[in-house]
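Structural overview
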Amino acid sequence: MTNPFDDNDGTFHVVVNDEEQHAIWPTFAEVPAGWRIVREAGGRAESLAWIEEHWTDIRPAGLRAQYA
């Protein structure tokens, strides 16, 4: 079995948790509790590119607030 997160032909949502951490999530799987969809289905490469463009500070939100 292959890892569905590595499937270059798969479709993915971009999801974010309460700490504003981003991830891709396969569209065939239910989004886990604590995560919400911020970008609807797209290819793996375009989903990762969207994350790279929009998640510019990878520190968790709590840590950013602590040092603000």
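Data block above holds the structure.
Given the structure is predicted, the values throughout are model-derived calculations rather than measurements.

Some words on the overall build of the chain
- Along the chain, the regular secondary structure elements total two helices and three strands.
- In terms of principal-axis extent, the alpha carbons of the chain reach across some 40 × 25 × 20 Å.
- Residues counted as buried form 24% of the 68 residues belonging to the chain.
- Seen as two clouds, the 5 positive and the 12 negative side-chain charges of the chain have centres 6 Å apart.

Some details on the side chain of Ser 47
- Mapped onto the secondary structure, Ser 47 falls in helix 1 (residues 44-54).
- Excluding anything up to four places from it in sequence, Ser 47 contacts Phe 12, Val 14, Ile 24, Arg 39 and Gly 42.

Quick notes on the side chain of His 22
- By secondary structure assignment, the location of His 22 is in strand 2 (residues 22-26).
- A polar side-chain atom of His 22 sits 3.1 Å from the main-chain carbonyl oxygen of Glu 20.
- Not counting residues up to four positions away in its chain, the partners in contact with His 22 are Val 14, Val 15, Val 16, Trp 35, Trp 50, Ile 51 and Trp 55.

With respect to the environment of Gly 42
- With respect to the secondary-structure elements, Gly 42 resides in strand 3 (residues 35-43).
- For the pair Gly 42 and Thr 11, spaced 31 residues apart in the sequence, the C-alpha separation amounts to 5.2 Å.
- Residues in contact with Gly 42, not counting those within four places in the same chain, are Gly 10, Thr 11, Phe 12 and Ser 47.

Notes on the pattern of salt bridges
- For the structure shown, the criterion picks out four salt bridges.
- With a closest N to O distance of 3.0 Å, Glu 46 and Arg 39 form a salt bridge.
- For Glu 46, a relative accessible area of 45% gives the class partly exposed.
- Where Arg 59 meets Asp 57, a salt bridge forms, and the shortest distance between an N and an O atom there is 2.7 Å.

Conventions and cut-offs
Residues numbered from 1 in each chain as written. Predicted model: local features only at pLDDT ≥ 70, side-chain atom pairs only at ≥ 80, totals over all residues. Heavy atoms only, no water. Helix = DSSP H or I, 4+ residues; strand = E, 2+ residues; numbered from the N terminus. Buried < 20%, exposed > 50% of the residue type's maximum accessible area, 1.4 Å probe, protein only. Lys, Arg positive; Asp, Glu negative; His and termini not counted. Charge placed at Lys NZ, Arg CZ, Asp CG, Glu CD. Contact = heavy atoms within 4.5 Å. Polar contact = N/O pair within 3.5 Å; in protein donor to acceptor, adjacent residues only side chain to side chain. Salt bridge = Lys/Arg side-chain N within 4 Å of Asp/Glu carboxyl O.

So, to be careful, I would describe these as geometric facts and stop short of saying anything about function.
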